[in-house]
Each structure stands twice: as structure tokens, then as C-alpha cells.
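Notes for the structure review
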Amino acid sequence: MIKSVKRVFTSRTVFKRFVFLSFCVCVICLVVSYGIFTLPVNRYIKENRQDTLEGYSAELAKYIGTAAQDDITSIDENSLNLFIASLDAFANSMHATVIITDSQGKFCYSNETDFTDGDYVLSHDVLERFREGDYSAEGVLRENFTKKYYISAAPITLENKGEKVIGYCIVSQTNLWAPDYVPSISVVFVTVALITIASVVILSSVFAYNTSIPLKQMSDAARRFAVGDFESRVQVKRNDEIGQLAKAFNEMADSLAASEGVRRNFVANVSHELKTPMTTIAGYIDGILDGTIPASEQEYYLGVVSGEVKRLSRLVTSMISLSKIDSGEIRVQKAEFEVKSVIFDVLLSFEKDIFQKKIAVLGLEDEEDVIAYGDRDLIYQVIFNLVENAVKFTPENGYIRFDVSRRQGKFFLSVENSGKGILPEDINMVFDKFYKGDKSRSTHKNSMGLGLYIAKIIVNLHEGRITAESEPDKFCRFTFWLPELTRRIVQNSANKEENSGE
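About the cut-offs
Numbering of residues begins from 1 in every chain and follows the order in which that chain's sequence is written. Only residues with pLDDT of 70 or above have their local features reported here, since the model is predicted, and side-chain atom pairs are shown and tallied only from 80 upward, although totals for entire chains, interfaces and linings are computed over all residues. Excluded from the side-chain calculation are hydrogens and water; included are all heavy atoms of the structure. Helix and strand definitions here come from DSSP, where helices need a minimum of 4 consecutive H or I residues and strands a minimum of 2 consecutive E residues; each element is numbered from the N-terminal end. Burial classes follow relative accessibility: with a 1.4 Å probe on protein chains only, a residue under 20% of its type's maximum area counts as buried, one over 50% as exposed, and anything between as partly exposed. Should any heavy atoms of two residues lie within 4.5 Å, those residues are counted as being in contact. All accessible areas in this document rest on Shrake-Rupley with a 1.4 Å probe, and a residue is counted as covered only by the protein chains that are shown. An axis is simply a line fitted to the C-alpha atoms; with a helix, the fit covers only the stretch in contact. Between two such axes, the angle follows the N-to-C directions and lies from 0 to 180 degrees. Oblique is the label for every angle not falling under 35 degrees (roughly parallel), over 145 degrees (roughly antiparallel), or within 65 to 115 degrees (roughly perpendicular). By definition, any crossing whose near helix is turned counterclockwise from its far helix by less than a right angle is left-handed, and any crossing with a clockwise turn is right-handed. One side-chain nitrogen of Lys or Arg within 4 Å of one carboxyl oxygen of Asp or Glu is enough to make a salt bridge. Under the grouping applied here, Gly and all other residues not named as nonpolar or charged are polar, the nonpolar ones being Ala, Val, Leu, Ile, Met, Phe, Trp, Tyr, Cys and Pro and the charged ones Asp, Glu, Lys and Arg. Think of a nonpolar core as a cluster: buried Ala, Val, Leu, Ile, Met, Phe, Trp, Tyr and Cys residues, connected wherever their side-chain atoms sit within 4.5 Å. Pairs were defined over the aromatic rings of Phe, Tyr and Trp, the Trp ring being its six-membered one, requiring ring centres within 6.5 Å. Orientation was assigned from the angle between planes: stacked under 30 degrees, edge-to-face over 60, tilted for the rest. Distance and angle both matter: a charge sits over a ring if NZ of Lys or CZ of Arg is within 6 Å of the ring centre and within 35 degrees of the ring normal. A pair of strands is treated as paired once DSSP finds two or more bridges between them. Residues enter a patch when their relative accessible area is above 30% and they make no salt bridge; the linking distance is 9 Å between like charges and 5 Å between nonpolar side chains (Val, Leu, Ile, Met, Phe, Trp, Tyr). Each direction from the helix axis to a C-beta atom contributes to the arc, which is the arc of those directions.

**Some remarks on the overall build of the protein chain**
Secondary structure summary: the protein chain contains 14 helices and 12 strands in total. Taking all 502 residues of the protein chain together, the buried fraction comes to 38%. Pairs at least 24 residues apart make up 63% of the contacts formed inside the protein chain by residues separated by at least 6 positions. Carbon and sulfur atoms make up 55% of the accessible area of the protein chain, which amounts to about 29,800 Å² in all.

Shown next, in the form of C-alpha cells:
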């Protein structure tokens, strides 16, 4: 039995465990209920029978005392026959045993032939207790009975002889339930128990089945996820904890599917981005080495190779930045810095492209600089990515406009460029990882779609925000702001002057 229980609880089926546990709880409750029910019933039956037996023993003793002359054996024949008939009728109706003894405890009359055929005498100690008065107990009457009985005894006295005790009337009844009670109570209890157990098992089975189905679906889906299949979903038809778990599981599955799609696109994009410049570099270098490219053109092609190497460098830099962002390695080291100096450093990196495309740079004519508070290197990366994006998509003779300002205690920087702009349906996706808006902006494909994503992450690390605005075929504008903009350098200088004046 113990092994079977252990096997059920160690099995992997929640359904079996739940049903078995419900069955055990039901049986335990029924057993406890049976015990709670039988205790007061037994107490009631015991008290009721004791009272009844005491009354009958007293009545019989009084009757015999009235009919007797000098002792028990002096009852006249008519009275004796009437007494015996009454005794038998009473004993049969009560399923009781009646014993009449003389004053010395010798059995004289009984409705049980076993006590009248032999020489039965009450033991001395029992007789002493009888002589003390009315006797009421539960037991075997000093082994005169083969099992425990409710026993009541009353002395038989002669009323005309000064209450002389001439014998004892003993009335006893089995302490078990009466035979007519046992079948009815047992049948009722067993019927109720079977109906209850069947109902509990059925209901718990239905509940356990409905509970285990989504869990099994999640288990099967998780196994499919392990081999790369993210299409499985759990059917949600409930609003309880299991339903919430299923919804969360489906959301996780959607996230995993999206991440898997991003991963595949990432692998494809990286493979393409690495393959194209490496193929170009290898082809031109081989052409120079084997003499296919004449010496007069080698300088030009070496320039192309240099551009492709720089492109690979930018790709690797983006990948390193992305890796640091995903791993949480980037730490913001805030300090005050001059914004326009950062912008000029960035523009120097794109000087050649700006000159070749004859792009006008606007908004930096004001000599007054603006002081920002943040990580200069990270903000440099943000501005670099925005300028790179602007230079890439600005047509020849176009413009790039910068707007640097301080409003409401915040630092604002906008980078706007002329060109095709971004379509309205794409404007909300430009900051997504690996997003490339080739259809809306250009046929230029030398991009991994990471620049704006990295810029957004860096601005978020500064507790700021970056937004995009565009009007197709006119302009595109990216604006970001940083909190806690101050002019502490100017204030510190003023404070130093005041202190030196003092």
C-alpha cells in the first residue's frame, strides 16, 4: 500500500496526483465524520439504556417483593407463572437478559436457559456492591457474561418485613447497538460515503483534467521551443491563475518568436554586411597583387579598400556597442561638457562625404556654446549615429540643420536633414533593432539598422528621450533631450571670480 501511494505521488502526472489526493482527503473526512457522529450517538444510547434498565430492574424487583412471602422461592405458582411470562415478554422486547438471585447471589430465575441450567452464583465482591444499593455498570459481571453488557441491578425487598432484602433483580443488555439500528445506520452511512467519494472523484477528475490540459500544452510547446519551433500556442479559455499563466506563456512565446526572427535577421544581416566588404577587399587586393589592376589605378582601388575597411570597423564598433548594451556593461559617467565641440568633432569624421555631396551644415553659426550634463563619449556616439544617418540619406546640395537649446531645465538637440524623409507607417519603427527603412528613405543599404537603436538606448540610460519627425520628400528630424541641463561651468567661473574679489 505504501509503495502504491509513493508511486502515485512520485509519478509525473498532475491528474493522478490530484485525483488520488482528493480521494484520500474525502476518505479521511468521512472517517472523521463517522467518528464525530458515532460518539454522541453511542453516548446517547448508553445513557438511555442505562436509565431504561435501571427503571425496569427497579420495577421487577418491586413486583417480586410484593409477590413473595418470605423469600424468593415463596412466590405462589400463579404469581410465578405470571412473573415468568412477563419477564420473557419484557426480555424479548428489549433483547435483554433478566436474572433473579436470592440474597446470597445464587441464580434462581432467568430468561436465558444457560443461567438456569447450571449452578451460578454471584462473586463475593459483586454481591457486596449489590448490597450497597442499586447497581449500574458496564461490563461482564465478573465473567458471567461472554461480552460487555449494560447492567443494572436492584435489591428485592419484602415490604411487610421491614425492607428485608431477599434477592436481587439483574437486567442486562448488550452494549453494542441494537440489531435493528445497525443495518439502517450502516446502509445510510455506506451509501452517503459511496456517493460522496464518487462525486469527489468525478469532480476532481474533471477539474484536474481541465487544469492539466493547458499545463500539458505548455510542456509540449516548451519542448518544441527547445528545438527552435516557436509557433505553438496555448488555448486560453479561463481567467484564473492557470489562464493567466497560459497568457503569460503565449506572450513569452511571442517574444521568443520575435527574438528568434530578430536573431535570424541579425545573422543574415551580419553575414551579408561582412561578406560584401570582405569580398570587395579580397577582390581588389588580389587584382593589385596579380597585376590585373594597373599601377595607375591602384591608388583609386586602395581608396575603395580603405572605405570598406572603415565600414567593417563601424560594423564591429556597432556590434560591440550592441553587445555591451545587451549585457548591461555600459555605465553612464556624467559630467559637464560643451555640446558644439562634440558636434564639430563628429562633423570632422564626415567632412569628406559632406564636401562631396555639397551638403550645407546649418544651425551652428552662433558662437555661444551650450553646456550639457551627461556622458560625453556616449552622447558623442548618439550624435555620431544621427549625423551618419543624416549624411547617408541627404541628397546632393541638401542640408543638415542642428538646433541646440536649453528649455525648462533640459538640454535639447535636433538633427534635421533634407531628403525623402520617412513614411508615416515607418516612423514608429525607426528605433527598432535591425530596422532598415530602405523603402522609405533610400536605396542605400550600407547599414545594419543599429545606429538609431543604439542612440535610443544611450538616451534612455541618461533618463532622456529621443523622437523622430518627418514629412515625406521634404525633411526628417531627430530630437533628443537630456535632463538636468546646467551651466555649471559658467556658474563656477562666476563663483571663482566672486571668491577672488573677496
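Following the structure, the description resumes.
**Section: the packing of helix H11 (residues 376–393) against helix H13 (residues 451–461)**
Between H11 and H13, the shortest axis-to-axis distance is 9 Å and the interhelical angle comes to 150°. Classed by the angle they form, the pair H11 and H13 counts as roughly antiparallel. Regarding H11 and H13, the two cross each other, and that crossing is left-handed. Contact with H11, carried on its side by Leu378, Gln381, Val382, Asn385, Leu386 and Asn389, involves Gly451, Leu452, Ile454, Ala455, Ile458 and Val459 of H13 and no other residues of that element.

**Concerning the pattern of salt bridges**
The final tally for this structure, using the stated rule, is 6 salt bridges. Here Glu416 ties to Arg477 by a salt bridge, and the two come within 2.9 Å at their closest N and O atoms. A residue pair is termed long-range when its members are at least 10 positions apart, and Glu416 in strand S10 (residues 410–418) and Arg477 in strand S12 (residues 475–482) qualify at 61 residues. A salt bridge links Glu471 to Lys474, with the nearest nitrogen and oxygen atoms 3.0 Å apart.

**Observations concerning the packing of helix H9 (residues 339–349) against H11**
In contact at an axis separation of 9 Å, H9 and H11 are set at 50° when each is read in the N-to-C sense. Considering the angle they form, H9 stands oblique to H11. Viewed along their axes, H9 and H11 form a crossing whose handedness is right-handed. The residues of H11 that touch H9, namely those facing Ser341, Val342, Ile343, Asp345, Val346, Leu347 and Ser349, are Arg376, Tyr380, Ile383, Phe384 and Val387. The class makeup of the residues in the contact of H9 with H11 is 8 nonpolar, 2 polar and 2 charged.

**Let's talk about the nonpolar core**
Taken as a class, soluble globular proteins show a tendency for nonpolar side chains to be buried jointly. Ile343, Ile383, Phe402, Phe411, Phe478 and Phe480 are the most contacted members of the largest nonpolar core, which has 46 residues in total. Mapped by element, the contributors of at least two residues to this core are H9, H11, strand S9 (399–407), S10, H13, strand S11 (465–471) and S12. With 9 residues, the top contributor of residues to this core is H11. Counting residues in each nonpolar core, the second largest holds 20 residues, with Ile64, Ala68, Ile156 and Leu158 among its members.

**What about unusual backbone geometry?**
Even without a glycine there, the phi angle at Lys358 is positive, about 50°. Locating Lys358 in the fold gives a position in the loop between helix H10 (351–356) and strand S7 (360–362). The backbone phi angle of Asn397 is positive, close to 65°, even though this residue is not glycine. Positionally, Asn397 belongs in the loop between H11 and S9. Assessed through its relative accessible area of 59%, Asn397 is described here as exposed.

**Concerning the environment of Val361**
Note that Val361 resides in strand S7. Along the primary structure Val361 and Tyr399 are separated by 38 residues, whereas in three dimensions their C-alpha atoms are 5.9 Å apart. Apart from the residues within four sequence positions on either side, Val361 is in contact with Leu347, Ile354, Ile400 and Phe402.

**Description of the packing of aromatic side chains**
Applying the stated criterion to the full structure yields 6 aromatic pairs. Look at Tyr300 and Tyr301: their rings are 5.1 Å apart centre to centre, the planes differ by 80°, and that puts the pair in the edge-to-face class. Taken together, the aromatic side chains of Tyr284, Tyr300 and Tyr301 make up a single cluster linked through ring pairs. A cation over a ring is seen here: Arg407 above Phe412, with NZ or CZ 3.8 Å from the ring centre.

**Here's the deal with the pairing of strand S1 (residues 96–102)**
In terms of burial, S1 is largely enclosed, as 7 of its 7 residues are buried. Residues Ala96, Val98, Ile100 and Asp102 point to one face of S1 and Thr97, Ile99 and Thr101 to the other, with burial holding for every one of them. Relative to strand S5 (residues 164–174), S1 runs antiparallel, the two sharing 7 bridges. Residue pairing in the sheet places Val98 in a bridge with Val171 of S5. Direction of pairing for S1 relative to strand S2 (residues 107–110): antiparallel, over a ladder of 3 bridges. Each bridged residue has a counterpart across the sheet, and for Ile99 the counterpart in S2 is Ser110. Connecting the antiparallel pair S1 and S2 is a turn made up of 4 residues, with Gly105 showing a positive phi of about 90°.

**Details of a nonpolar patch on the surface**
On the surface, Ile28, Val32 and Ile36 cluster together to form a nonpolar patch covering roughly 290 Å² of accessible area. You can see Ile28 is positioned in helix H2 (residues 14–67).

**Description of the pairing of strand S4 (residues 149–158)**
Along S4, 9 of the 10 residues are buried, which leaves the element largely enclosed by surrounding structure. Sheet topology note: the S4/S5 ladder contains 10 bridges and is antiparallel. The residue bridging Ala154 from the neighbouring strand is Cys169, located in S5.

**What to know about the sheet that holds S12**
Backbone hydrogen bonds are what pair the strands of a sheet, in a parallel or an antiparallel way. The strand order across the open sheet formed by 5 strands is S7-S9-S10-S12-S11, and the pairing between neighbours is mixed. If you trace the sheet from one side to the other, it starts and ends with S7 and S11, each paired once. Neighbour to neighbour, the strand axes of the sheet diverge by 15° on average, direction disregarded. As paired elements, S7 and S9 share 3 bridges and run parallel to each other. Looking across to S9, one finds that Ala360 is bridged to Tyr399. The strands touched by H11 within the sheet are S9, S10, S11 and S12, with S12 carrying the most contacts at an inclination of about 175°. Across the face of the sheet, H13 comes into contact with S11 and S12 while running at roughly 140° to S11.

**Section: helix H5 (residues 124–131)**
Turning to H5, its buried residues number three or more, namely Val126, Leu127 and Phe130. The arc that holds the buried residues of H5, viewed along the axis, is 100°, so those residues lie on one side.

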